[in-house]
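Chain residues, written in single-letter form:
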Amino acid sequence: QVQLVESGGGLVQAGGSLRLSCVVSGPIRHIGAMGWYRQAPGKAREFVASIESGGTTKFGDSAKGRLTISRDNAKNMVFLQMNSLKPEDTGDYLCNADVVVRTSLRAANYWGQGTQVTVSS
């Protein structure tokens, strides 16, 4: 069973920083793209950032210039460094990954449960 577990969320003042982590566990053959999405109350889930296994990154419009995504392929982890946080960054941050398990040759998409980030003004 593949599991994604996020950590690192919390309450921070505007202008502060947080570093989110996500670890993928299970019978993994390969992890492709890994990414982060934000779910704010009453709003649609929003793409934040992603990173391919080779390191290519993509960012949502709200993330550019303030957020950095990185990964540790040896540890099956992805990180999101968030700087200059704003109240509108508040939400549940969910980790997402394309994982090929050992018993398959196709990737399936998995989600974590999320870690809450609250930015106070």
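Along each chain, the written sequence defines residue order, and numbers are assigned to residues from 1. This being a predicted model, a pLDDT of at least 70 is required before a residue's local features are given, and a value of 80 or more before pairs of side-chain atoms are given or counted; all residues contribute to the totals for chains, interfaces and linings. Only hydrogens and water are set aside; all other atoms, that is, all heavy atoms of the structure, feed into the side-chain values.

Asks: Sorry if this is basic, but what is going on with the sheet that holds strand E8 (residues 77-82) here?
Replies: What links the strands of a sheet is backbone hydrogen bonding, and the strands pair in either a parallel or an antiparallel sense. Should DSSP find at least two bridges between two strands, the strands are taken to pair. Think of it this way: any DSSP run of H or I at least four residues long counts as a helix, any run of E at least two long counts as a strand, and we number them from the N terminus. Spatial ordering of the open sheet is given by E1-E3-E8-E7, a layout of four strands whose pairing is antiparallel. Because the sheet does not close on itself, it has two edges, and the strands there are strand E1 (3-7) and strand E7 (67-72). Sheet twist, expressed as the average angle between the axes of neighbouring strands with direction ignored, equals 15 degrees. Sheet topology places E7 next to E8; six bridges connect them, and they run antiparallel. Under this scheme, a helix contributes an axis fitted over its contacting stretch, all axes are lines through C-alpha atoms, and angles between N-to-C directions fall in the 0 to 180 degree range.

Asks: Just checking my understanding: could you explain the packing of aromatic side chains for this structure?
Replies: Each aromatic ring pair is specified by the distance between its two centres and by the angle formed by the two planes. Note on ring pairs: Phe, Tyr and Trp rings are taken, using the six-membered ring of Trp, and paired if centres are within 6.5 Å. Classes follow the plane angle, with under 30 degrees stacked, over 60 edge-to-face and the rest tilted. Tallied over the full model, the rule gives two aromatic pairs. Seen from their ring centres, tyrosine 37 and phenylalanine 47 are 5.5 Å apart, and the 70 degrees between their planes marks the pair as edge-to-face. Of this pair, tyrosine 37 sits in strand E4 (residues 28-39) while phenylalanine 47 sits in strand E5 (residues 46-51); the two residues are ten residues apart in sequence, bridging distant segments of the chain. Relative accessibility decides the category of a residue: with a 1.4 Å probe and only protein chains considered, values under 20% of the type maximum give buried, values over 50% give exposed, and everything between is partly exposed. With a relative accessible area of 27%, phenylalanine 47 lands in the partly exposed category. Seen from their ring centres, tyrosine 37 and tryptophan 111 are 4.9 Å apart, and the 65 degrees between their planes marks the pair as edge-to-face. In this pair, tyrosine 37 is assigned in strand E4 and tryptophan 111 in strand E10 (residues 107-111), connecting sequence segments 74 residues apart.

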